[in-house]
Amino acid sequence: LFIGSGQTSSSVQQHEVAKDLIAMFQGMEEVVGLAGFRSDALDRRSFFVATSEEGMRAMKQDGRPMSHTEPRSGCIGVLALLTSLGPRFNLNTSLAISTTFGGNSKDPFSAQRLTSMLDEVFDLGLPELPDVETYLQDRLASRAPATVEDHVAELTEEPDAFYV
């Protein structure tokens with residue numbers, strides 16, 4: 001289930017969607033929302049955030065990486081409503097968050113950290129993930145021109161003619 005930028009901007013409609021999702025998820029053992037958390041470029045963490053005391057105790061017992069202080073500014077949208085309202089409707093909900101840089105959360109390094117954390121915690125048995133840095137370098141190299149003109153050298157070279 002993906003929510004993201006496709007969700008409505010109306011808070012009333014977001015609440016209705018969250019309530020419908022909670023009803024749909026009844027009986028599930030746990031519902032984990034996935035989120036990016038904008039931070040400094042060098043902040044490379046992935047962690048869980050519990051939405052109830054019972055959930056926090058269970059996560060500690062499982063040895064999951066947790067944050068008790070993040071996200072300080074909270075979350076917004078359908079995902080935030082779904083995870084925060086879950087315990088009220090006897091649904092065990094939590095957030096799995098990975099720090100990201102930039103405003104659009106399209107950070108492939110963050111996505112890889114989050115995927116690796118989920119694979120480790122839930123023993124998903126995912127195959128080894130490709131190296132994101134190598135993938136991005138190869139992709140950029142494939143789009144680069146075959147020959148590169150040195151415009152800086154051309155502009156800074158000594159003229160070979162005398163101008164009066």
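Conventions used here
Residues numbered from 1 in each chain as written. Predicted model: local features only at pLDDT ≥ 70, side-chain atom pairs only at ≥ 80, totals over all residues. Heavy atoms only, no water. Patch = residues over 30% accessible without salt bridge, like charges linked within 9 Å, V, L, I, M, F, W, Y side chains within 5 Å. Areas by Shrake-Rupley, 256 points an atom, 1.4 Å probe, with all protein chains shown as cover. Salt bridge = Lys/Arg side-chain N within 4 Å of Asp/Glu carboxyl O. Lys, Arg positive; Asp, Glu negative; His and termini not counted. Charge placed at Lys NZ, Arg CZ, Asp CG, Glu CD. Helix = DSSP H or I, 4+ residues; strand = E, 2+ residues; numbered from the N terminus. Pairing = 2+ DSSP bridges. Axes fitted to C-alpha atoms, helices over the stretch in contact; angles between N-to-C directions. Contact = heavy atoms within 4.5 Å. Buried < 20%, exposed > 50% of the residue type's maximum accessible area, 1.4 Å probe, protein only. Phe/Tyr/Trp six-rings, centres within 6.5 Å; stacked < 30°, edge-to-face > 60°. Lys NZ or Arg CZ within 6 Å of the ring centre and 35° of its normal.

A.B. asks: Run through a negative patch on the surface, naming residues and quoting values.
C.D. replies: Judged by side-chain charge, Glu149, Asp150, Glu154, Glu157 and Glu158 come together as a negatively charged surface patch. Along the chain, aspartate 150 falls in the loop between helix H5 (132-143) and helix H6 (151-156).

A.B. asks: Just give me the short version of the sheet that holds strand E2 (residues 46-50), but keep the residues and values in it.
C.D. replies: Read from one edge to the other, the open sheet built from three strands follows the order E1-E3-E2, with strand pairing classed as mixed. Each edge of the sheet is formed by a strand with only one pairing partner; in this case those strands are strand E1 (31-38) and E2. The mean angle between the axes of side-by-side strands here comes to 30°, regardless of whether they run parallel or antiparallel. Pairing of E2 with strand E3 (residues 93-100) involves five bridges; the strand directions are antiparallel. Looking at E3, one finds that phenylalanine 48 is bridged to alanine 96. The strands touched by helix H4 (residues 108-122) are E1, E2 and E3; relative to E3, the strand with the most contacts, the crossing angle is about 140°.

A.B. asks: Break down the pairing of E3 for me, with residues and values.
C.D. replies: Counting buried residues along E3, eight of its eight residues qualify, which places the element largely inside the surrounding structure. Taken together, the eight bridges between E1 and E3 define a ladder with parallel strand orientation. Bridge pairing in E3 links alanine 35 to isoleucine 97.

A.B. asks: Explain the packing of aromatic side chains to me, using residue names and the numbers behind them.
C.D. replies: Counted under the stated rule, the structure contains two aromatic pairs. On the basis of an interplanar angle of 80° and a centroid distance of 6.4 Å, the ring pair of phenylalanine 37 and phenylalanine 47 is categorised as edge-to-face. With phenylalanine 37 in strand E1 and phenylalanine 47 in strand E2, this pair connects stretches of sequence that are 10 residues apart. Phenylalanine 47 carries the same exposure label as phenylalanine 37, and that label is buried. The ring of phenylalanine 48 carries arginine 64 above its face, with NZ or CZ at 4.8 Å from the centroid.

A.B. asks: Mind laying out the pattern of salt bridges, listing which residues take part and the relevant values?
C.D. replies: For the structure on display, the rule yields four salt bridges. A salt bridge links lysine 19 to glutamate 16; the nearest nitrogen and oxygen atoms lie 3.8 Å apart. One end of the pair, lysine 19, and the other, glutamate 16, are both in helix H1 (residues 11-25), three residues apart, so they sit about a helical turn from each other. Residue lysine 19 is classed as partly exposed on the basis of its relative accessible area of 35%. By relative accessible area, which is 38% here, glutamate 16 ends up partly exposed. Salt-bridge contacts for aspartate 43 lead to arginine 45; the nearest nitrogen and oxygen are separated by 2.7 Å. Note on arginine 45: relative accessible area 31%, which makes it partly exposed. Counted as one network, the salt bridges with shared partners bring together Glu30, Asp62 and Arg64.

These results come straight from atomic positions and should not be treated as a statement about function.
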